[in-house]
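# Residue-level structure breakdown
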Amino acid sequence: LAISDLSLNDDILQSERITHSIKLIEPNNPFQAVQEACELMNQGILALVSSTGCSAANALQSLTDAMHIPHLFIQRNGDGTPRAECQLNPSPDGERYTLAARPPVRLNDVMITLVSELRWHKFIVFYDSEYDVRGLRVFLDQASQMGLDVSLQQVDRNVTKVFSTLFSTMRMEELNRYRDTLRRAILLLSPRTAQVFIHQAVETNLASKDSHWVYANEEVSDTEIMELVHSALGQMTVIRQIFPLWRDTNIRCMRNNHRISSLLCDPQEGYLQSLEVSSLYLYDSVLMLANAFYRKLEDRKWHSMASLNCMRKSTKPWNGGCHFTGRISGLTGLMDFRSNGANSHVQFEILGTSYSETFGKDVKRLAMWDSDRGLNGSLRENRAEHGMQGITLKVVTLLEEPFVMVAENILGQPKRYKGFSIDVLDALAKILGFKYEMYQVADGKYGSPQANGSWNGLIGELMGKRADVAISAITITPDRENVVDFSKRYLDYSVGILMTKTEERLNIFSLLAPFDLAVWACIAAAIPVVGVMVFLLRRIQSVCSQNPPGPHQPASVTTSFQSAIWIVYGAFVQQGGESFMSSMALRIAMGSWWLFTLIVCSSYTANLAAYLTVSRMDNAVRTFQDLSKQTELSYGTVRDSAVFEYFRVKGTNPLEQDSTFAELWRTINKNQGQDNSVTSPAEGIRKVSDTVLLLTDEVGSGDQESTYVA
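Residues numbered from 1 in each chain as written. Predicted model: local features only at pLDDT ≥ 70, side-chain atom pairs only at ≥ 80, totals over all residues. Heavy atoms only, no water.

Within an unreviewed UniProt entry, the label attached to the protein chain reads Glutamate receptor, and the organism entered is Sinocyclocheilus anshuiensis. Under the heading Sequence similarities (unreviewed entry), UniProt records this for the protein chain: "Belongs to the glutamate-gated ion channel (TC 1.A.10.1) family. GRID2 subfamily." (UniProt positions renumbered as here; feature names shortened; annotations may be inferred.)

What follows is the structure, encoded as structure tokens:
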């Protein structure tokens, strides 16, 4: 293609023409490369252009240095894997006949600049199994000098095996630490491997919304970039090489008043992007050769074409060989060779994910990197400190103490709010300079998907464009993250059990608590029964003695029924009383009664002390296992909340086979959640306040959607 375009444009070569011969060799076969080159030299050549791997290039360099044949080398990377540094051997006589048309790998410089701009301190580098990890030596040395914590991990062709090995060898704590490491990663992979890798990371829940991955590869197309961006969670940055479009509108692209149709004069952007980078450098290498031949013709230093037999020891080098010191502007931009024999001009663009209402997730250019000027642009997050002056935002909220509460309102004034989240909102409004109008969501929901695909609650207000911002104690869930953006979480809660506090109430009847009512009834019945027994025994004793009292002797107190009852009661309360028990029967009866009262009083004293000092909880529910095993208390949660979904997923997941959560979900979802679950946290708290037990809080970052047990 390049030679065909040269024939259309007579600015470089006017009457001369270039012919070419193409030889295909196997990858990583230096011997075959040397054989084919020797055959071409026998036929006669002016220069050699090669696009191979490093091993074949080094072999060809030895041959061309010995034969003084100009050699332009374009490094080719196979299977889309990022290029690693290819070191050419120094020439023995100091003359360079092999020049690297493709610039040295500068990804290390771009990546270290990117990491510095992003202020990363700890990250991991994933590299392809085909990638030469020795190419990262300079990058790792610079990262070590900057005090960065860098980890390396090779990605095998079987990406699925990589993740299955992680789950089989790591414990849950190690996986959590590994997931945290994955939040900052650099991918040195082929586009295909990177796409599979990202997909597996998302599927295995190792990728998160706050992750930031950098994909570095010189050759990656727009289509491949969009596939990577849409597969990934969170933010993604792409580094790739670009070429400024060279458009020459001079008269040299005109022939017979017609513009020449060639890539040299009319570089077509879409067509250029479909070509491999190595092919673009091949095109410009032909231009460089033609320019060098023209200068030699102009200086009259032309020699005959080389016809050499490289297999003979007596073969002398070609006298017409030279190294190129010129510079041209081609499809790859400026091509110029410095003292090290390599083309130094290279340019990269840094792309990043962006979000818009029209196109959703998109990609935009963030900065440029040039080999001469370095980074042009900033990758740090822009602070919108002055970009919201005078803007009034519509803010929707849901009342939840202590985050959002209604303040005391002045008559005739709009409703005012207070709370932790309101303090944060006021601080942001003061810093950014915006104003806001706040209203409460009508349905009192945080937000859950409906059968028709819409959302209710706070999420529905945002998706319906009725509100700009939602602020409340809401949990970040994967479903919600797919439709709205969340700020960074500032408070974490887990599912827990909330119960009413036991109130210690003492009243005048608490003295009766140590004994059951039946015991008190038996004691009350025993006193008159024993009194009657004592009265009868005393009467029998008087009759048997045949000694009635005289007219001037008063009757004994023990002879009346009332006196007998009084004596029995006095003995029960351990106060004693007058008694004349001369008979053995009376002494046995009263002795037994005294023993009985001793046992009863001792038991009462011990139980009363325990009752007054020890607080007992009859129905202790401390864990979900306790809750699922008991049947006395019913329990539920807030319908359509994150906790409701949490129990549903845990209780209906066939892979977990968790009987505890299965039982919990059956009770919570009884009659489609109408029996035990409630519509709002406040309703749940009110419902439980009238009963015994409350289970509350939510998984995630501050969502106060309550779960209750009533």
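If you trace the three strands from one edge of the open sheet to the other, you get β1-β2-β3, paired in parallel fashion. Across the chains shown, the open sheet's two edge strands, defined by having one partner strand only, are β1 (48-50) and β3 (98-100). Neighbour to neighbour, the strand axes of the sheet diverge by 20 degrees on average, direction disregarded. Pairing between β1 and strand β2 (residues 71-73): three bridges, direction parallel. Pairing of Val-49 across the sheet is with Leu-72, part of β2. Taken strand by strand, helix α3 (residues 54-67) contacts β1, β2 and β3, and its axis lies near 165 degrees from that of β2. (Pairing = 2+ DSSP bridges. Helix = DSSP H or I, 4+ residues; strand = E, 2+ residues; numbered from the N terminus. Axes fitted to C-alpha atoms, helices over the stretch in contact; angles between N-to-C directions. Contact = heavy atoms within 4.5 Å.)

What follows concerns the pairing of strand β12 (residues 333-336). When strand β11 (residues 327-330) meets β12, the two strands line up antiparallel, connected through four bridges. Across the sheet, residue Ser-329 finds its bridge partner in β12, namely Leu-334.

Moving on, we get to the packing of helix α4 (residues 107-118) against helix α5 (residues 137-145). Between α4 and α5, the least distance of the axes is 9 Å, while the angle of their chain directions is 25 degrees. Classed by the angle they form, the pair α4 and α5 counts as roughly parallel. Here α4 runs over α5; the crossing is right-handed. Here Asn-108, Asp-109, Met-111 and Ile-112 of α4 lie close against α5, whose contacting residues are Val-138, Phe-139, Gln-142 and Ala-143. (Parallel < 35°, antiparallel > 145°, perpendicular 65-115°, else oblique. Left-handed = near helix turned anticlockwise from the far one by under 90°.)

Moving on, we get to the environment of Ser-55. Positionally, Ser-55 belongs in helix α3. Since its relative accessible area comes to 34%, Ser-55 is described here as partly exposed. Linking Ser-55 and Cys-86, residues 31 residues apart in sequence, is a C-alpha distance of 8.8 Å. Excluding anything up to four places from it in sequence, Ser-55 contacts Asn-28 and Pro-30. (Buried < 20%, exposed > 50% of the residue type's maximum accessible area, 1.4 Å probe, protein only.)

With that out of the way, let us pick up the environment of Tyr-635. Among the secondary structure elements, Tyr-635 is positioned in strand β21 (residues 635-637). Owing to a relative accessible area of 2%, Tyr-635 belongs among the buried residues under this scheme. A polar side-chain atom of Tyr-635 sits 3.2 Å from a polar atom in the side chain of Thr-667. (Polar contact = N/O pair within 3.5 Å; in protein donor to acceptor, adjacent residues only side chain to side chain.)

Let us look at the UniProt feature "binding site: L-glutamate" (unreviewed entry) in the protein chain. Annotation from UniProt places "binding site: L-glutamate" (unreviewed entry) at Thr-475 and Arg-480. Looking at the element boundaries, Thr-475 is found in the loop between β20 (469-471) and α14 (478-481). Take Thr-475: its relative accessible area is 2%, and that puts it in the buried class. Turning to its location among the elements, Arg-480 is positioned in helix α14. With a relative accessible area of 3%, Arg-480 lands in the buried category.

Turning our attention to a nonpolar patch on the surface. Taken together, Phe-420, Val-424, Leu-428, Tyr-490 and Leu-491 make up a surface patch of nonpolar side chains, about 430 Å² in accessible area. Here Tyr-490 is to be found in the loop between α14 and α15 (517-545). (Patch = residues over 30% accessible without salt bridge, like charges linked within 9 Å, V, L, I, M, F, W, Y side chains within 5 Å. Areas by Shrake-Rupley, 256 points an atom, 1.4 Å probe, with all protein chains shown as cover. Salt bridge = Lys/Arg side-chain N within 4 Å of Asp/Glu carboxyl O.)

Attention shifts here to the pattern of salt bridges. Applying the stated rule across the entire model yields 15 salt bridges. The partner of Glu-218 in a salt bridge is Arg-102, with the nearest N and O atoms 3.5 Å apart. Linking Glu-218 in the loop between β7 (212-216) and α9 (222-231) with Arg-102 in the loop between β3 and α4, this pair joins segments that are 116 residues apart in sequence. Of the two residues, Glu-218 and Arg-102, neither departs from the other in class, the shared state being buried.

Next up on the list: the state of the cysteines. Counting across every chain of the model gives two disulfides. Shown here is the disulfide that connects Cys-38 with Cys-310, its sulfur atoms set 1.9 Å apart. Note that Cys-38 is positioned in helix α2 (residues 30-43) and Cys-310 in the loop between α11 (277-298) and β11, a separation of 272 residues in sequence. By the burial criterion, Cys-38 is buried, and Cys-310 matches it. Each sulfur of the disulfide joining Cys-54 and Cys-86 lies 2.3 Å from the other. Here Cys-86 lies in the loop between β2 and β3 and Cys-54 lies in helix α3, a separation of 32 residues in the sequence. (Disulfide = S-S within 2.5 Å.)

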